[in-house]
Amino acid sequence: MKSVLLSRFLILLPWVLIVIIMIDIDIKRTIWIPVAGRSSRALQQQQQQQQLQPRVARTGAPRVTQSQNQNQSALPVIYAITPTYTRPVQKAELTRLAQAFRQVARFHWIVVEDSTTRTDLVSRFLARSGVSFTHLHVYTPRRYKRAGMPRATEQRNLALTWLRQHRTKKDPGVVFFADDDNTYSLELFEEMRSTRGVSIWPVGFVGGRAYERPVVSGGKVVGWYTGWRPDRSFATDMAGFAVNLQVILANPRALFKRRGSQPGMQESDFLKQITKVTDLEPKASNCTRVLVWHTRTEKPHLTNEPSHRKDTIVIEV
Ligand code: UDP
Ligand code: MN
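Residues numbered from 1 in each chain as written. Chains lettered and ligands numbered in written order. Predicted model: local features only at pLDDT ≥ 70, side-chain atom pairs only at ≥ 80, totals over all residues. Heavy atoms only, no water.

You'll find the protein entered in an unreviewed UniProt entry as Galactosylgalactosylxylosylprotein 3-beta-glucuronosyltransferase, with Cynoglossus semilaevis given as the organism. Taken verbatim from the UniProt record of the protein, the Cofactor (unreviewed entry) comment is "Mn(2+)". Here is the UniProt Sequence similarities (unreviewed entry) comment for the protein, exactly as written: "Belongs to the glycosyltransferase 43 family." (UniProt positions renumbered as here; feature names shortened; annotations may be inferred.)

Quick look at the structure:
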């Protein structure tokens, strides 16, 4: 009798383990509950939507004195959306950003990790950053992690979904896409703060030139100075524009596209959904000043990293 029970137990054990592992992997990727009786298309849409939802967003805020608060509460909040991913220079990049952002009044940093979890490094970093933040994560499907594919589409879209779920018509704000490999002048935030619809300005080191800029005449954008695809409707970089929060809320379907979007066309395809070239608000002295640069940090040379014997202590870099 005992041996029969034991053999049944041993037969069942691997299957139970497989099921537990599968459930664990699935929960780590996304949380979704299949609903019986829905069509597969509806289910697919639901899954896609739920993939965009973080399990819980973690937020934090630095201390603000009451007088600071009163003086600044009239200003719209700047929401900077930063997709980021694990690599040797990540903390250095985020440090450069935080040191600028913590000096900007009424600023909220939405950091979206391209990761299956919120990593300890970024969680600790944000907690000590001195910047008000929301920390989200969504992992880019492996099939999209290829050369020539647009990056951070899912991360930016998750941040837009978060804004649509957590902000209302009563919240004055300006939304800006702040990639982690750029350098930001504090003046840029003063410029974008007054964005009523969609504002635009030059960006350094993009489009194959020292800078790319909208050409302005009579206070309107009439063309683009760029070295790359001048046929783009909006020949601008992700760091070259800001959108009033109310425009984001009023266009709930406006998202960054995977399907039908050619490489490098993310910005133009997104802006087409929410504005017209003639409505753009030129900033930075009619688009004649560069206040943001696509600096890109050089990949560090790590050829002498030991493969076996590591340091005697573990240091976060
Ligand atoms: N990024 C990401 N996952 C990736 C690659 C990039 O989240 O697999 C982020 C990156 O940290 C940056 C933004 O997406 O904030 C744009 O990436 P990158 O600067 O590499 O793209 P490029 O400027 O070449 O379009
Ligand atoms: Mn970049």
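Here the narrative resumes.
*Asks:* I'm lost on the pairing of strand β11 (residues 241–244) in this one. Help?
*Replies:* As a general feature of sheets, a regular strand has side chains that alternate between the two faces. Burial along β11 is two-sided: Phe241 and Val243 and Ala242 and Asn244, pointing in opposite directions, are all buried. As defined by bridge partners, strand β5 (residues 173–177) adjoins β11 across 3 bridges and the pair is classed as antiparallel. Looking at β11, one finds that valine 175 is bridged to valine 243. Across 3 bridges, strand β7 (residues 198–200) lies against β11 in antiparallel orientation. (Buried < 20%, exposed > 50% of the residue type's maximum accessible area, 1.4 Å probe, protein only. Helix = DSSP H or I, 4+ residues; strand = E, 2+ residues; numbered from the N terminus. Pairing = 2+ DSSP bridges.)

*Asks:* Quick question: what am I supposed to make of the sheet that holds strand β12 (residues 281–282) here?
*Replies:* The 8 strands are arranged β1-β4-β3-β2-β5-β11-β7-β12 in an open sheet whose pairing can be described as mixed. Since the sheet does not close on itself, it has two edges, and those belong to β1 (58–60) and β12, each with one partner. Of the pairings in the sheet, the one linking β7 to β12 comprises 2 bridges and is parallel in character. Within β12, the position partnered with serine 199 by the bridge is glutamate 281. Helix α6 (residues 153–166) rests against β2 (77–84), β3 (107–113), β4 (132–137) and β5 of the sheet, and its axis sits at about 135° to β3. (Contact = heavy atoms within 4.5 Å. Axes fitted to C-alpha atoms, helices over the stretch in contact; angles between N-to-C directions.)

*Asks:* It is not clear to me how unusual backbone geometry should be interpreted in this structure. Could you clarify?
*Replies:* What is expected of a backbone is that most residues other than glycine have negative phi and most peptide bonds are trans. Phi angles above zero are rare outside glycine, and phenylalanine 205 is one such case at about 60°. Its place among the elements puts phenylalanine 205 in the loop between β8 (203–204) and β9 (211–217). Exposure remark for phenylalanine 205: the relative accessible area of 46% places this residue in the partly exposed category. Of note in the backbone geometry, alanine 284 takes a positive phi value of approximately 55° without being a glycine. Among the secondary structure elements, alanine 284 is positioned in helix α10 (residues 284–287).

*Asks:* I would appreciate a short explanation of the pairing of β4 in the present structure.
*Replies:* Taking burial as the measure, the 6 residues of β4 include 6 buried ones, the bulk of the element. Residues of β4 alternate between two faces, with Ser132, Thr134 and Leu136 on one and Phe133, His135 and His137 on the opposite face, all of them buried. For β1 and β4, the ladder comprises 3 bridges, and the chain directions are antiparallel. Looking at β4, one finds that arginine 58 is bridged to histidine 135. As defined by bridge partners, β3 adjoins β4 across 6 bridges and the pair is classed as parallel. Across the sheet, valine 112 pairs through a bridge with leucine 136, a residue of β4.

*Asks:* Looking at this structure, how should I read the UniProt feature "binding site: UDP-alpha-D-glucuronate" (unreviewed entry) in the protein?
*Replies:* With numbering aligned to this structure, UniProt lists the feature "binding site: UDP-alpha-D-glucuronate" (unreviewed entry) at Pro83, Thr84, Tyr85, Asp114, Arg151, Arg156, Asp179, Asp180, Asp181, His294, Thr295 and Arg296. Lining the second largest pocket, from the set of annotated residues above, are Pro83, Thr84, Tyr85, Asp114, Arg151, Arg156, Asp179, Asp180, Asp181, His294 and Arg296. By the secondary structure assignment, proline 83 is in strand β2. Each residue touching proline 83, except ones within four places of it in the same chain, is listed here: Val112, Ala152, Gln155, Arg156, Ala178, Asp179 and Asp180. Of note, tyrosine 85 is situated in the loop between β2 and α4 (90–101). In this structure tyrosine 85 comes out as partly exposed when scored by relative accessible area, which is 42%. Aside from chain neighbours lying at most four places away, what touches tyrosine 85 is Gln90, Asp114 and Asp180. (1 Å grid on protein atoms, 1.4 Å probe; cavity = no way out; pocket = protein on both sides within 12 Å on 5 of 7 lines; lining within 4 Å.)

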